[in-house]
Structure formats: C-alpha cells, structure tokens
Amino acid sequence: MSRLGTGSRLDRPAGGRGPPTRPVRVLAVDDQEPFRRALRDMIAATPGFEVAGEAASGAEAVELAGALAPDLVLLDVRMPGMDGLETARRLRSAYPAAVVVLISLDATVDDPAAVGAVAHLRKQELSIAALRELWGARRRR
C-alpha cells in the first residue's frame, strides 16, 4: 500500500480527538455494475462510512464529485473512455480534499501519488478492514 495523503473534511469534535461526528462519505466508481453493488454493500457494512454516490465512468465521477463532495473515492483503474488514472488526476486537481484510492482487478500502479491517488489496491484486497485501514492511515499521517 502506498503512503496515504492528508486533507480530510471529516468533522471532528473539539480538539480534533475522538470519533468522527459524521460518516466518511464514499464515491464508488467502476464501469461494472456488479462490482459497484459489491462496493455499496461493503461500504454500507462498514461502521462510520456511507455511500455518497456511485459512478459508472470517469467523466461521471468528476461531475458527481463536485455535487457530492465525497471524502473518499474508490476508483477503478480500467474503464472505457476516461480511465481511472486520468480521472484521479482530474479529481485531485478539482477536489484536492477528496482522498482517491485506485482499485483494479489485475493492473499494477507503481506510483499512485503521481496521478493524485493515495494508494492502489487490487479488488481482491478490498474489505471492511482494508477500507478502515486506508482511512485510518490517511488520518494518522
């Protein structure tokens, strides 16, 4: 896993300590509806996280990010049209506070930070524990 960046809009109690006062809002981006459904289910089952929205393409993700202001974007690397790498660049430029995590079935991303992402995970590695770890590590940095 890559080092995770900073820049949360997550509301915290006075002093910045304690649990968040609102859930982490997640935008799920994948061109395959069955995988988006799996992401939705995983996010919904993770305490402290909620689905802000979902997108089936990079262009849709960039547009929705402006309207939804997600804290975290789970972004497929391989999509038709605008791929996940270009989408990550655009998200980072337009919405620098959003934490972008690249996901893929088999692609390898050696330097996620080069496109504005904080990490790259294989889809097989995604789990409730991985989601919480990504967010927690991002906050501790």
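Note that the coordinates shown come from a computational prediction; the quantities given were computed from them, not determined experimentally.

A.B. asks: What's the story with the environment of Val62 in this structure? I'm lost.
C.D. replies: Structurally, Val62 can be placed in helix α2 (residues 58-68). Taking C-alpha positions, Val62 is 9.0 Å from Tyr95, a pair spaced 33 residues apart along the chain.

A.B. asks: So what exactly am I meant to see when it comes to the side chain of Asp76 here?
C.D. replies: Mapped onto the elements of the fold, Asp76 is located in strand β3 (residues 72-76). Using a relative accessible area of 3% as the deciding quantity, one classes Asp76 as buried.

A.B. asks: Can you walk me through the sheet that holds strand β4 (residues 99-104) in this structure?
C.D. replies: Strands pair in a sheet through their backbones, by hydrogen bonds, and they do so in one of two ways: parallel or antiparallel. The five strands are arranged β2-β1-β3-β4-β5 in an open sheet whose pairing can be described as parallel. Bordering the open sheet on either side are β2 (49-55) and β5 (119-122), each of which pairs with just one other strand. Neighbour-to-neighbour, the strand axes of the sheet open up by a mean angle of 25°, direction not taken into account. Note that strand β1 (residues 24-29) and β3 share four bridges and pair parallel. If you follow Ala28 over to β3, its bridge partner there is Leu74. Packed onto the sheet, α2 meets β1 and β2 and runs at close to 135° relative to β2.

A.B. asks: Before we go on, may I ask you to explain the confidence of the model for the protein in this structure?
C.D. replies: Note: predicted coordinates in regions of low pLDDT should not be interpreted at a detailed level. Considering every residue of the protein, the mean pLDDT works out to 85; 84% of them sit at 70 or more. Note on residues 1-16: pLDDT under 50 across the span, and 50 contacts to partners over four residues away in sequence or across chains.

A.B. asks: Teacher, can you tell me more about the nonpolar core here?
C.D. replies: If you look at the biggest cluster of nonpolar residues, it comprises 21 residues, and the most contacted ones within it are Leu39, Phe49, Leu72, Leu74, Val101 and Ile103. Taken together, the elements giving at least two residues each to this core come down to β1, α1 (33-44), β3, β4, β5 and α4 (128-140). Apart from residues no more than four positions distant in its own chain, Phe49 is found in contact with Pro23, Val24, Val26, Ile43, Leu72, Leu131, Arg132 and Trp135. In terms of nonpolar packing, the next biggest core, distinct from the first, is built from 19 residues, Leu75, Val77, Ala98 and Ala107 among them.

Basis of the calculations
- Residues numbered from 1 in each chain as written.
- Predicted model: local features only at pLDDT ≥ 70, side-chain atom pairs only at ≥ 80, totals over all residues.
- Heavy atoms only, no water.
- Helix = DSSP H or I, 4+ residues; strand = E, 2+ residues; numbered from the N terminus.
- Buried < 20%, exposed > 50% of the residue type's maximum accessible area, 1.4 Å probe, protein only.
- Pairing = 2+ DSSP bridges.
- Axes fitted to C-alpha atoms, helices over the stretch in contact; angles between N-to-C directions.
- Contact = heavy atoms within 4.5 Å.
- pLDDT = per-residue confidence, 0-100.
- Core = buried A, V, L, I, M, F, W, Y, C linked by side-chain atoms within 4.5 Å.

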